[in-house]
Amino acid sequence: MRFFWIVMGLHVTLFAHPHFFIETSLVIEKERLVHTWRFDRLNSKLLIFECDTDKNGILDAKEQAHFLATYIEPLRANQFNLFFQEAEIEQSLIPTSLHVNIENKRLVLSFFTPHDFKKPAIFCTIDATLYMAYQLESVQSVYAYEVQKSEYDFCLGVNP
């Protein structure tokens, strides 16, 4: 019986582990945030295998559209895992100009979220499902900022 509970405990633990690890770079400009998400090597390999249907190492428009519709569009239900609050008011950041490509055998998603910074703000990546872990690799900003990060997400306090 004890063996059964050990197996059940391990089984539940596996589902709590992130499935995607994303190295994130962020550039904070006066009127927008520029995001770069670099997927981990294992998931990149699997996603490239699925999405690069002609196996030429380049994602054409149709292949990009398939990736975005299958893997990024479902994030809309959780505000694309982006939390933004300015002056105590939560706001939506909607990605624009989404582009996905392959760099050094890794899948890289880049996009913008428009916002004109006027007051202190908090920006975070938060995935309530724990399918995606966001590891902050770099930040460039025209404004002062502070970083708080964990193993699975991060927050920035931005002070224009």
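Thresholds applied
Residues numbered from 1 in each chain as written. Predicted model: local features only at pLDDT ≥ 70, side-chain atom pairs only at ≥ 80, totals over all residues. Heavy atoms only, no water. Helix = DSSP H or I, 4+ residues; strand = E, 2+ residues; numbered from the N terminus. Buried < 20%, exposed > 50% of the residue type's maximum accessible area, 1.4 Å probe, protein only. Salt bridge = Lys/Arg side-chain N within 4 Å of Asp/Glu carboxyl O. Arc of directions from axis to C-beta. Contact = heavy atoms within 4.5 Å. Disulfide = S-S within 2.5 Å.

A. Structural context of unusual backbone geometry. Backbone geometry places Asn-81, a non-glycine residue, at a positive phi of 60°. By the element assignment, Asn-81 lies in the loop between α3 (61–72) and β3 (82–86). Although it is not a glycine, Glu-88 sits at a positive phi angle of roughly 70°. Within the secondary structure, Glu-88 sits in the loop between β3 and β4 (89–91). The class of Glu-88 is exposed, set by a relative accessible area of 71%.

B. Broad picture of the pattern of salt bridges. For the structure on display, the rule yields five salt bridges. A salt bridge links Arg-38 to Glu-103; the shortest N-O distance between them is 3.3 Å. One end of the pair, Arg-38, is in strand β2 (residues 32–39); the other, Glu-103, is in strand β5 (residues 96–103), with 65 residues separating them in the sequence. Among the salt bridges present, the one from Glu-73 reaches Arg-76, with a minimum N-O distance of 2.5 Å. Look at Glu-73 and you get partly exposed, because its relative accessible area is 37%.

C. Focus on the environment of Val-139. By the element assignment, Val-139 lies in strand β8 (residues 132–141). Here the alpha-carbon distance between Val-139 and Val-34, two residues 105 residues apart in the chain, equals 9.9 Å.

D. Focus on helix α2 (residues 41–51). Buried within α2 are the following residues: Asn-43, Ser-44, Leu-47, Ile-48 and Cys-51. Seen along its axis, α2 keeps its buried residues to an arc of 130°; they face one direction. Among the exposed residues of α2, those pointing more than 90 degrees away from its buried face are Arg-41, Leu-42, Lys-45, Leu-46 and Phe-49. On its buried face, α2 is in contact with β1 (20–28), β2, α3, β5 and β6 (106–114).

E. Focus on the state of the cysteines. Throughout the structure, instances matching the rule amount to one disulfide. Residue Cys-124 pairs covalently with Cys-155 via a disulfide, S to S 2.0 Å. With the S-S dihedral at roughly 115°, the linkage between Cys-124 and Cys-155 falls on the right-handed side. Residue Cys-124 is located in strand β7 (residues 121–125), and its partner Cys-155 is located in strand β10 (residues 154–159); the two are separated by 31 residues in the primary sequence.

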